[in-house]
Every structure is written in C-alpha cells, then in structure tokens.
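Take a look at the letters that make up each chain.
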Amino acid sequence: MMNLRNLKIRSQLISLLTAMTVLFLIATGVSYQALNKAKAEFTRFIEQDQHILLNYTELLANGLQMGQALRNIILDPANPKAHTNFGKASEDMDKLLGETRALLVADSEAALAFDKIVQLRDKQKGFQSEIRALVEQADLETAKTRLNKDETPVWRDIKQQLQDQIKVQKTHIQSRETAVQESTENAQRLTLILTLV
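Residues numbered from 1 in each chain as written. Predicted model: local features only at pLDDT ≥ 70, side-chain atom pairs only at ≥ 80, totals over all residues. Heavy atoms only, no water.

1. Regarding the overall build of the protein
Thinking step 1. Scanning the protein for helices and strands turns up four helices and zero strands.
Thinking step 2. For the protein, the succession of helices and strands along the chain, N to C, is α-α-α-α.
Thinking step 3. Its C-alpha radius of gyration of 30 Å places the protein more than 25% over the 16 Å reference for a compact globule of 197 residues.
Thinking step 4. Seen through its principal axes, the protein has C-alpha atoms that stretch 115 × 30 × 20 Å.
Thinking step 5. For the protein, with 197 residues in total, the buried portion stands at 31%. (Helix = DSSP H or I, 4+ residues; strand = E, 2+ residues; numbered from the N terminus. Rg over C-alpha atoms; globule rule 2.2 N^0.38 Å. Buried < 20%, exposed > 50% of the residue type's maximum accessible area, 1.4 Å probe, protein only.)

Rendered as structure tokens:
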C-alpha cells in the first residue's frame, strides 16, 4: 500500500513538473514571438519612418543650397565654385527624390503628395537649365527675371510641399512611436504574466 501511495505522489510530481515545463516552454515561445514583433516594428520605424523624415529635411536643405548656388551663378558666372555647388546640390536632390520615393508605400497619401514634389522638381529643372543657358549667353538680366518670375515660385511650392510632408511625417512618427512602445510594453507584460504562471 505504501508503494502505491509513493507511486501516486511520484506520478503527481512528474505530472506537475511536466506541466510546469510545458508552461515554461509556451511562455518562452510567446515571449520570443512578442519581442520579435516589437523588434521588427522598431526596425521598420528606424529604417523607413525616420529615414523618410531625414530625406525630407535633406531635400529641403539641398533645395536651399541649390537656390543659393543658382543665385551665385547669376551674380558671378565665372566662379566655378557656384557651378560645382549647384551641380552637387542638384544631383543630391535628384538622388534623394528617388530614394525617398522607394521608401514610400505605393498609392499612399504620402506617395501621392511626393509625386507632386517630383513633378514640381522636373518643372524646376527646366527653368534652371534655361537660366543657366541665359547666364552662359551673358544675358544676366533675363536670367534674373526668369529666376524671380519662374524658378523661385516653383521652388517655393516645392519647399511648402516638403514642409507639409515633414509635418505629416512627424505626426506619423509620433503615432508609430506610440504603437512601438505599446507593442513592447505588451510583450513585457505578456512575458511577466506567463513567467508568473
């Protein structure tokens, strides 16, 4: 009779130990999944959302640099530094436009707004080419007029569009940051609950 009682206690202990081990493995698996999800959301937040915001601000900076360089070309056409600065800023801007477009989700509001920026940039490039050609022909007065009448208003539209997108992106980042924090907190709570069970 004593052996039967010991056997029951032994079986109960084995069952309890098995149940605890299974629960621990489930808790570990669920915790691992939750933490991986939080990690993936955080990675996306950094690689996409923050990158888009950085690109918008760099586009704005390059546009300002390009505008200043174009004015310097008109003021001193013989200065090679102005031409170099313009070329670099223009090249960087076009490269950033391509990189930023690749980061945006197709057919999203941000992508549609960004397409308008690209269209304005194409229009601006045409005006800039015309202005530079006028400078090469030593027609500086016409170049100044075209700069003020045509190129500058297009730049102002681009600048406004970029500033609007920066505001939208900052709002989007704040909501994504909150979502990432909530996901991380949920993962932590779930881990704690499953560990206590």
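Next, the rest of the story.
2. Some points on the nonpolar core
One broad rule of soluble globular proteins: the nonpolar side chains tend to lie buried together.
Thinking step 1. Among the nonpolar cores identified, the biggest contains 35 residues, and Tyr-56, Leu-59, Met-93, Phe-114, Ile-158 and Leu-162 are the most heavily contacted of them.
Thinking step 2. Of all the secondary-structure elements, those providing two or more residues to this core are helix 1 (2–75), helix 2 (80–103), helix 3 (109–136) and helix 4 (140–196).
Thinking step 3. For this core, the leading source of residues is helix 1, giving 11 residues. (Core = buried A, V, L, I, M, F, W, Y, C linked by side-chain atoms within 4.5 Å.)

3. Some remarks on the confidence of the model for the protein
Residues shown with low pLDDT carry predicted positions that ought not to be read at fine detail.
Thinking step 1. Mean pLDDT over the protein stands at 87; residues scoring 70 or higher make up 95%.
Thinking step 2. Per-element confidence in the protein is highest for helix 3, whose mean pLDDT is 95, and lowest for helix 1, whose mean pLDDT is 82. (pLDDT = per-residue confidence, 0-100.)

4. Topic: the pattern of salt bridges
Side-chain pairs of opposite charge can arise whenever the charged atoms involved come near each other.
Thinking step 1. Applying the stated criterion across every chain yields a total of nine salt bridges.
Thinking step 2. A salt bridge links Arg-146 to Asp-150; the nearest nitrogen and oxygen atoms lie 2.4 Å apart. Of this pair, Arg-146 and Asp-150 both sit in helix 4, separated by four residues, roughly a single helical turn.
Thinking step 3. Connected through shared salt-bridge partners, Asp-94, Arg-121, Asp-122 and Lys-125 make up one network. (Salt bridge = Lys/Arg side-chain N within 4 Å of Asp/Glu carboxyl O.)

5. Overview of the environment of Ala-40
Thinking step 1. Looking at where Ala-40 falls in the secondary structure, it is placed in helix 1.
Thinking step 2. A relative accessible area of 47% means that Ala-40 is categorised as partly exposed.
Thinking step 3. Sequence separation of Ala-40 and Thr-145 is 105 residues, and the distance between their C-alpha atoms is 52 Å.

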